[in-house]
Amino acid sequence: MPNVTFDQRSVRLDGKPVPIICGAIHYARSTPGMWPELLRASVEAGINTIDTYVFWGLHEREKRRYDFTGRLDLAYFLSLCQQHKLNVLLRIGPYICAETNFGGLPPWLIHEPGLVTRTDNAAWKREVLTWCKVLMAQIGEFQATRGGPVILAQLENEYNTVAKHYGADGPKYMDWVIASAKEMGLEVPLVMCEAPGDNKLELHDASLPRIIKGMNGFAIADRVPEFQRQFPAAPPIWTEAWGGWYTNFGDVTHFREDADFACAIAHFFAVGGAGVSYYMWHGGTNFGRESVYMQTTTYDSNAPLDEYGLPQRAFAHLKRLNHIVADHAEVLLEGTRSVQVLEAPREKEPLPRAAIYSCAKGTRTLAFLINESGQPYTMKSGALSIALKSKSCAITLDLNGDTRVLFESHPATAEAAIQPPPAAQWAASNVELNFVAFDEPLPDEQPTKFSNAIAMSEPRSMLPHTRDLSDYGWYQTVLSSATDRDATVVLPEVHDFSTLYLNGKFVGSQPERLNEDPKIFAKHTYNVRLKKGENRISILASALGLIKGDWAYNEPMSKERKGVIGAMLVDGMPQSLWWTLHAGLFGERARLFAPDTSDLAAWQAGPLTPRRLRWYRAKFKTPDSLLKARALALDVGALYKGLIWLNGECLGRYWQIPATDYVAEWMRGMTQTYGAGQPVQQRYHIPKDWLRAENTLVVLEETEAFPRGVKLLERAV
Ligand code: GAL
């Protein structure tokens, strides 16, 4: 039962300094069948701690109905970590950001009377406490205090980015969070992480002996001196070391040069870093409808273990670095530190541009040769002269006067040009997919006994009715016209897409692409030809994930809304009309995607004429070759936008919109990108755990695209 403490140099387990070499693996983003190999590979790479967020929104999709099964079996995940002798940093949140739907919160919170998220609000605090107690009843025994692997826990997440919205209530709420840890059942020290940037939040209780404030970012060595000044009793921990970035539909894919990343990590340890968490170490998959607004199903994030759990280029490089930190932990965390400055900092820079940082203990001296300057340097370590190009580093070890190089961030043999990660090698399997189809009926065509329509005097958010258990909602109204005429119809606010039908005929669909700011494409305009008399307007609203933080609307995220909102304008005039809303699709209510219920529908085979909004189904047996492959995926071929299920498990959303080369201003220079002009994700992860002897694959396609070229892929390496 290790006793977890910390001081200004390190976290200590039973008094022994331990560097935190942590890999973020989110249990819900892989399947239990994958977990043992993910953890084994992590140990091989020198990882000693696993960092996982806890996904409240998945465990409690419906209020007070808890799910800890399958890939939500957190207790099993923690027990596997323990078997692999891995410690755990449990990031409970319960707001977690993480590119997961609604930042990890259950969407039903939006409809709790008076609830405002992430502030000093009674309803919010009540729900947070209720959930955390349920969670801790499940996994409390895995804390180090009771002999388990969980050595550190995190509450909240990067609160400094949102505190400004809550005035005096923000710090008050944070004080409550910290003070409530005990009542929640937390017995290990707390980590509270902070985003980079100028949004400093003075934690009232940061001086408490049980809290370590963590730092997130692409490179954070230069924040260490200030951290040490502010928090002299805590070790600097890099709670999220970003080695890549997530992917949005319609945006390019990001990657980070391995050498540049390794150099940033080495630099951090050189200046006194005590622990790092690779975000992500294994990114995995946003299964189902679990990705946040606009995000792809893949959460690969350029992690050392790719979406399928297989090692990538960065794996070997970081493995060497991790082992050096682990092997020389005592020197690093207890040794005497000194620095030889070769190029001084400029103006307000906190650190030298080029320097040798040494840590010495007993007969060993570990030296970090850091060149962050714009020019090459030759640095001397013992009898060695080491040539360092601009923005590179090396680590040497001197043992009894004998010096050798342990690590070079940019080995001389490294490719000069920065290349995107090599593409994985996939081959088509011998499984044949023969699709049959079922047309999703427009609301008027649906049998009335299946209708769940409700009436509204003006279009409002569909979330209270879908409860975010579906992306879809049909809004319908009848508009009278005195003559046959052209008219302009404006929907003032739509999240995220609308498809408009007039008198049962398709008119158009908007927008073509989305933006991370959900307000940008919210106004939709259609030109229609009205007929004399009554015109039925049917609008299919479809959502692409809930927002992940307050910054999306500059309001608390409990203000999230989806669907058509506000009075429709015809030729500029707001219309006072009655509307009906049908939450979800007919095919969802009939559970066409699930093997046991899909047979109840009358699927059509044979040549089909193009039609929007259609379900496709293919059944196939599992050949041995699928089970032997290292990884499986579905190539969505000529499909365009929709959802995929295998045996009732949702594989995710797809959207084959080609990527633009847009990169947010603040991100430029942090990562490299590729893939402009191409759909950002064409392959969908099929976990082997989800295969059966006989399989049912179901696709919901929103456009007229056909499942041509859809195939199952196998990967050997
Ligand atoms: C951080 C956040 C993480 C994740 C990351 C981007 O700011 O704490 O949860 O969203 O950004 O991948």
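Owing to the predicted nature of the structure, the values given are computational and were not obtained by experimental measurement. Throughout this document, residue positions are counted from 1 along each chain, in the order its sequence is written. The model is predicted, so local features are restricted to residues of pLDDT at least 70 and side-chain atom pairs to those at 80 or more, both for listing and for counting; the totals for chains, interfaces and linings are taken over all residues. Hydrogen atoms and water are omitted, and side-chain values are computed over all heavy atoms in the structure.

### What to know about the overall build of the protein
(1) Moving on: Only DSSP runs of H or I reaching four residues or more are called helices, and only runs of E reaching two or more are called strands; each is numbered from the N terminus. Secondary structure summary: the protein contains 13 helices and 41 strands in total.
(2) Moving on: With respect to the principal axes defined by its C-alpha atoms, the protein has extents near 95 × 60 × 50 Å.
(3) Moving on: Residues counted as buried form 61% of the 717 residues belonging to the protein.
(4) Moving on: Residue contacts follow a heavy-atom distance rule, with two residues in contact if any of their heavy atoms lie within 4.5 Å. Taking as baseline every contact in the protein between residues at least 6 positions apart, the subset at least 24 positions apart corresponds to 75%.
(5) Moving on: Residue-level accessible areas treat just the shown protein chains as cover; the underlying method is Shrake-Rupley with a 1.4 Å probe. Element-wise, carbon and sulfur atoms account for 52% of the exposed surface of the protein, whose accessible area totals about 27600 Å².
(6) Moving on: Placing the 75 positive and 80 negative side-chain charges of the protein at their respective mean positions leaves the two points 1 Å apart. Burial status follows relative accessibility: with a 1.4 Å probe on protein chains alone, a residue under 20% of its type maximum counts as buried, one over 50% as exposed, and anything between as partly exposed. Charge assignment: positive for Lys and Arg, negative for Asp and Glu; neither His nor the chain ends contribute. For the purpose of locating charges, the reference atoms are NZ of Lys, CZ of Arg, CG of Asp and CD of Glu.

### Topic: the packing of aromatic side chains
(1) Moving on: Aromatic pairs are defined between Phe, Tyr and Trp rings, using the six-membered ring for Trp, whenever the two ring centres lie within 6.5 Å; interplanar angles under 30 degrees are classed as stacked, those over 60 as edge-to-face, and all others as tilted. Taken as a whole and judged by the stated rule, the model has 38 aromatic pairs.
(2) Moving on: With centroids separated by 6.3 Å and ring planes inclined at 10°, the aromatic side chains of phenylalanine 438 and phenylalanine 586 adopt a geometry described as stacked. With a gap of 148 residues between them, phenylalanine 438 in strand β21 (residues 436-439) and phenylalanine 586 in helix α11 (residues 586-589) connect regions that are remote in the sequence. The same class applies to phenylalanine 438 as to phenylalanine 586, namely buried.
(3) Moving on: Of the aromatic side chains, those joined through ring pairs into one cluster are Trp56, Tyr66, Phe68, Trp108, Trp124 and Trp131.
(4) Moving on: The cationic tip of arginine 29 hangs over the ring face of tyrosine 299; the distance from NZ or CZ to the ring centre is 3.7 Å.
(5) Moving on: Taking NZ or CZ as reference, arginine 561 lies 4.2 Å from the ring centre of tyrosine 553, over its face. Remark: a charge is flagged as sitting over a ring if the NZ atom of Lys or the CZ atom of Arg is within 6 Å of the ring centre and within 35 degrees of the ring normal.

### Observations regarding the sheet that holds strand β35 (residues 631-635)
(1) Moving on: Only strands that DSSP links by at least two bridges are regarded as paired with each other. The strand order across the open sheet built from four strands is β20-β41-β35-β39, with neighbouring strands paired in antiparallel fashion. Strands with a single pairing partner mark the edges of an open sheet, and in this sheet they are β20 (426-428) and β39 (683-685). Each strand axis lies, on average, 40° off the axis of its neighbour in the sheet, ignoring direction.
(2) Moving on: The sheet contact formed by β35 and strand β41 (residues 711-715) spans five bridges and is antiparallel. Each residue of the ladder has a partner; that of alanine 633, found in β41, is leucine 713. Every axis in this analysis is a line fitted to C-alpha atoms, fitted for helices over the stretch in contact. Angles between the N-to-C directions lie between 0 and 180 degrees.

### Regarding the packing of helix α3 (residues 74-83) against helix α4 (residues 122-139)
(1) Moving on: With their axes 9 Å apart at the nearest point, α3 and α4 run at an angle of 45° to one another. Viewed along their axes, α3 and α4 adopt a mutual orientation that is oblique. Crossing of α3 against α4: the hand is right-handed. Between α3 and α4, the residues in contact are Leu74, Ala75 and Leu78 and Leu135, Gln138 and Ile139, respectively.
(2) Moving on: Classifying every residue of the contact of α3 with α4 by side-chain character gives five nonpolar, one polar and no charged. Angular relationships are summarised with four words: roughly parallel below 35 degrees, roughly antiparallel beyond 145, roughly perpendicular across 65 to 115, and oblique for the angles in between. Helix crossings fall into two classes, left-handed where the near helix is turned counterclockwise from the far one by less than a right angle and right-handed where it is turned clockwise. Three categories are distinguished: nonpolar for Ala, Val, Leu, Ile, Met, Phe, Trp, Tyr, Cys and Pro, charged for Asp, Glu, Lys and Arg, and polar for the others, with Gly belonging to the last.

### Quick notes on the site of the ligand
(1) Moving on: Around the ligand, a shell composed of 14 residues is seen, among which Tyr53, Ala98, Glu99, Glu158 and Glu240 lie nearest.
(2) Moving on: By the criterion applied in these results, polar contacts are pairs of N or O atoms within 3.5 Å in which, for protein atoms, one can donate a hydrogen and the other can accept it, and in which residues neighboring in sequence qualify only through two side-chain atoms. In the environment of the ligand, an oxygen atom lies 2.6 Å from a nitrogen or oxygen atom belonging to the side chain of glutamate 99.
(3) Moving on: Burial of the ligand by the protein chains amounts to 94% of its free accessible area of 310 Å².
(4) Moving on: Taken together, the residues of the shell around the ligand sort by class into nine nonpolar, two polar and three charged. When we say a residue is near a molecule or strand, we mean one of its heavy atoms is within 4 Å of it.

### Quick notes on the nonpolar core
A general tendency of soluble globular proteins is for nonpolar side chains to be buried together.
(1) Moving on: Among buried residues, those of type Ala, Val, Leu, Ile, Met, Phe, Trp, Tyr and Cys that are joined through side-chain atoms within 4.5 Å constitute a nonpolar core. The biggest cluster of nonpolar side chains holds 145 residues, and the ones touching the most others in it are Ile92 and Phe368.
(2) Moving on: Sequence-distant contacts of isoleucine 92, that is, excluding residues within four places in its chain, are made with Val54, Cys132, Leu135, Met136, Ala153, Gln154, Leu155 and Leu186.
(3) Moving on: Counting residues in hydrophobic clusters, the runner-up holds 37 residues, among them Leu544, Leu626, Ala629 and Leu632.

### Quick look at the pattern of salt bridges
(1) Moving on: Think of a salt bridge as a Lys or Arg side-chain nitrogen and an Asp or Glu carboxyl oxygen that are within 4 Å of each other. Under the defined criterion, the tally for this structure stands at 50 salt bridges.
(2) Moving on: The salt bridge partner of arginine 529 is aspartate 486, with a shortest N-O separation of 3.2 Å. Highlighted residues: arginine 529 in strand β28 (residues 524-530) and aspartate 486 in strand β24 (residues 485-491), separated in sequence by 43 residues.
(3) Moving on: Taking the shortest distance from any N to any O, the salt bridge between arginine 668 and glutamate 665 comes out at 3.1 Å.
(4) Moving on: Arginine 668 gets classed as partly exposed once you look at its relative accessible area, which sits at 47%.

### Some points on the pairing of strand β6 (residues 87-93)
(1) Moving on: The buried count for β6 comes to seven of seven residues, which makes it a mostly enclosed element.
(2) Moving on: Burial along β6 is two-sided: Asn87, Leu89, Arg91 and Gly93 facing one way and Val88, Leu90 and Ile92 facing the other are all buried.
(3) Moving on: As paired strands, β6 and strand β7 (residues 150-155) are joined by five bridges and run parallel to one another. The partner of arginine 91 across the bridge, within β7, is glutamine 154.
(4) Moving on: Assignment of crossover handedness uses the view with strands pointing away from the viewer, where a clockwise path from the first strand over the helix to the second indicates a right-handed crossover. Note that the unit made of β6, α4 and β7 has a crossover that is right-handed.

### Quick notes on the sheet that holds β28
(1) Moving on: A sheet is described by the order of its strands in space; here four strands give the open sequence β28-β24-β31-β32, paired in antiparallel fashion. Edge positions in the sheet fall to β28 and β32 (573-574), since each has one partner strand and no second.
(2) Moving on: The pairing of β24 with β28 spans seven bridges and is antiparallel. Looking across to β28, one finds that valine 489 is bridged to tyrosine 526.

Spatial relationships are all this shows, so hold off on functional conclusions.
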